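What follows is the residue order along each chain.
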Amino acid sequence: MTGKTKPMMYHPFQIVGQDRPERWLVTCDHASNCVPEFVNGGCLGVAPRDMARHIAYDVGAAGVTRALAEALGGPAILSNFSRLVIDPNRGEDDPTLVMRLYDGTIIPGNRHAKPEDIDRRLNRLYRPYHTALAELAARRADTVIVSVHSFTPQLRGRPPRPWHIGLLYAADQRLAKPLIARLAQEPDLCVGDNEPYTGHLPGDAIARHAIAYERPNVLIELRNDLIETPAQQTAWALRLAPILQEVAAQTGL
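Quick look at the structure, then.

Conventions and cut-offs
Residues numbered from 1 in each chain as written. Predicted model: local features only at pLDDT ≥ 70, side-chain atom pairs only at ≥ 80, totals over all residues. Heavy atoms only, no water. Buried < 20%, exposed > 50% of the residue type's maximum accessible area, 1.4 Å probe, protein only. Helix = DSSP H or I, 4+ residues; strand = E, 2+ residues; numbered from the N terminus. Pairing = 2+ DSSP bridges. Right-handed = clockwise from strand over helix to strand, strands pointing away. Salt bridge = Lys/Arg side-chain N within 4 Å of Asp/Glu carboxyl O. Phe/Tyr/Trp six-rings, centres within 6.5 Å; stacked < 30°, edge-to-face > 60°. Lys NZ or Arg CZ within 6 Å of the ring centre and 35° of its normal. Axes fitted to C-alpha atoms, helices over the stretch in contact; angles between N-to-C directions. Disulfide = S-S within 2.5 Å. Polar contact = N/O pair within 3.5 Å; in protein donor to acceptor, adjacent residues only side chain to side chain. Bend = angle between axes of the 7 residues up to and from the residue.

Brief notes about the pairing of strand β7 (residues 165–168)
1) Next: Burial along β7 is two-sided: I165 and L167 and G166 and L168, pointing in opposite directions, are all buried.
2) Next: As paired elements, β7 and strand β8 (residues 191–193) share three bridges and run parallel to each other. The partner of I165 across the bridge, within β8, is V191.
3) Next: Note that the unit made of β7, helix α5 (residues 176–183) and β8 has a crossover that is right-handed.

Some thoughts on the pattern of salt bridges
1) Next: If you walk through the whole model with that rule in mind, you get 14 salt bridges.
2) Next: The residue R182 makes a salt bridge to E186 at a minimum N-O spacing of 2.7 Å.
3) Next: Judged by relative accessible area, E186 falls into the buried class, the value being 17%.
4) Next: We note a salt bridge from R239 to E186, for which the minimum N-O separation is 2.9 Å. You can see R239 sitting in helix α7 (residues 230–251) and its partner E186 sitting in the loop between α5 and β8, a full 53 residues away along the chain.
5) Next: Taken together, the shared-partner salt bridges in this structure form one network comprising R182, E186, D188, R239 and E246.

Section: the packing of aromatic side chains
1) Next: Per the counting criterion, the structure on display carries one aromatic pair.
2) Next: The interplanar angle of 90° and the centroid separation of 6.4 Å between the aromatic rings of F81 and Y129 together place this pair among those described as edge-to-face. Residue F81 is located in the loop between β3 (76–79) and β4 (101–102), and its partner Y129 is located in helix α4 (residues 115–137); the two are separated by 48 residues in the primary sequence.
3) Next: Here F81 falls in the buried class, since its relative accessible area comes to 0%.
4) Next: Stacked on the ring of Y213, the Lys or Arg R215 has its end atom at 4.4 Å from the ring centre.
5) Next: The side chain of R239 reaches across the aromatic face of W236, ending 5.7 Å from its centre.

So, the sheet that holds β3
1) Next: A sheet is described by the order of its strands in space; here seven strands give the open sequence β1-β3-β2-β6-β9-β7-β8, paired in mixed fashion. Every other strand in the sheet has two partners, leaving β1 (13–16) and β8 as the edge strands with one partner each. Looking at each pair of strands side by side, their axes are set apart by 20° on average, direction ignored.
2) Next: Bridge analysis of strand β2 (residues 24–28) against β3 gives three bridges, and the strand direction is parallel. Residue pairing across strands places C28 opposite L78, the latter belonging to β3.

Quick notes on the state of the cysteines
1) Next: Under the criterion given, the structure shown has zero disulfides.
2) Next: C34 supplies the cysteine sulfur nearest to C43, a cysteine that is in no disulfide, at a spacing of 12 Å.

Quick notes on the environment of N194
1) Next: Looking at the element boundaries, N194 is found in the loop between β8 and α6 (205–209).
2) Next: A sequence separation of 28 residues divides N194 from G166, and the C-alpha atoms of the two residues are 6.5 Å apart.
3) Next: A polar side-chain atom of N194 sits 2.9 Å from the main-chain amide nitrogen of Y169.

Quick look at the environment of P202
1) Next: Positionally, P202 belongs in the loop between β8 and α6.
2) Next: Judged by relative accessible area, P202 falls into the exposed class, the value being 57%.
3) Next: Sequence-wise, P202 and N89 are 113 residues apart; in three dimensions their C-alpha atoms are separated by 9.8 Å.

Some thoughts on α4
1) Next: At L122, α4 shows its largest bend, some 45°.
2) Next: Along α4, the residues classified as buried are I118, R121, L122, L125, Y126, Y129, H130, A132, L133, L136 and A137.

Describing unusual backbone geometry
1) Next: E195 connects to P196 through a cis peptide bond whose omega is 5°.
2) Next: One can find P196 in the loop between β8 and α6.
3) Next: Backbone geometry places N194, a non-glycine residue, at a positive phi of 55°.
4) Next: Under the relative-accessibility criterion, N194 is labelled buried at 18%.
5) Next: Unlike most non-glycine residues, E214 shows phi in positive territory, near 60°.
6) Next: Following the sequence through the fold, E214 ends up in the loop between α6 and β9 (217–223).
7) Next: Judged by relative accessible area, E214 falls into the exposed class, the value being 66%.

Next up, the structure:
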């Protein structure tokens, strides 16, 4: 006996509530700011303060995802690698798949990434995440996918963003549009319609796992200063879950 503890085995994603029976599948593509050890020794050369910002992951989104999936009675899948390592919400041929500059911050560990380095990240992180997501989505014929993200209140050099919550969608508006209308009835919310981003990214996670199979879907963006604490994350999840269920029932999805 050497007294040394074995390092914990790294896994590129986490599934929560896999056996929950309801049709909802909640996903979190940018749940973590983890840089796996096999990527530049676990460091991209980015300062810790920047790795704690939105450029590295969606702050607060993981907690909302776990609580929302539990409230809806369905499973959740969360990535376990930083979007700066490789972005699972981009197509494999997207030029922003591996970012070299993000919101004014240079990513040194990506500046000289070779094709074989990107292939390694695809094979060990990106593709396993999408394989697991595909299996979860296929567990029922009537799966509804809710993708949870968060956004920073203000990008560098840009005006403040007024929205508390934004709903993103592409061609399939069956869930998103009625949900926007329902949330607009909440007197304390400023709701973004395809804000602060548009919902159309060819090859992104929703395109791959929802639109390609005609599954109802919506991508929810929450302003990250509103979901900083576990209590805030749970409160948003518990607020959104019955609204999602209400809209799905009213639309007959």
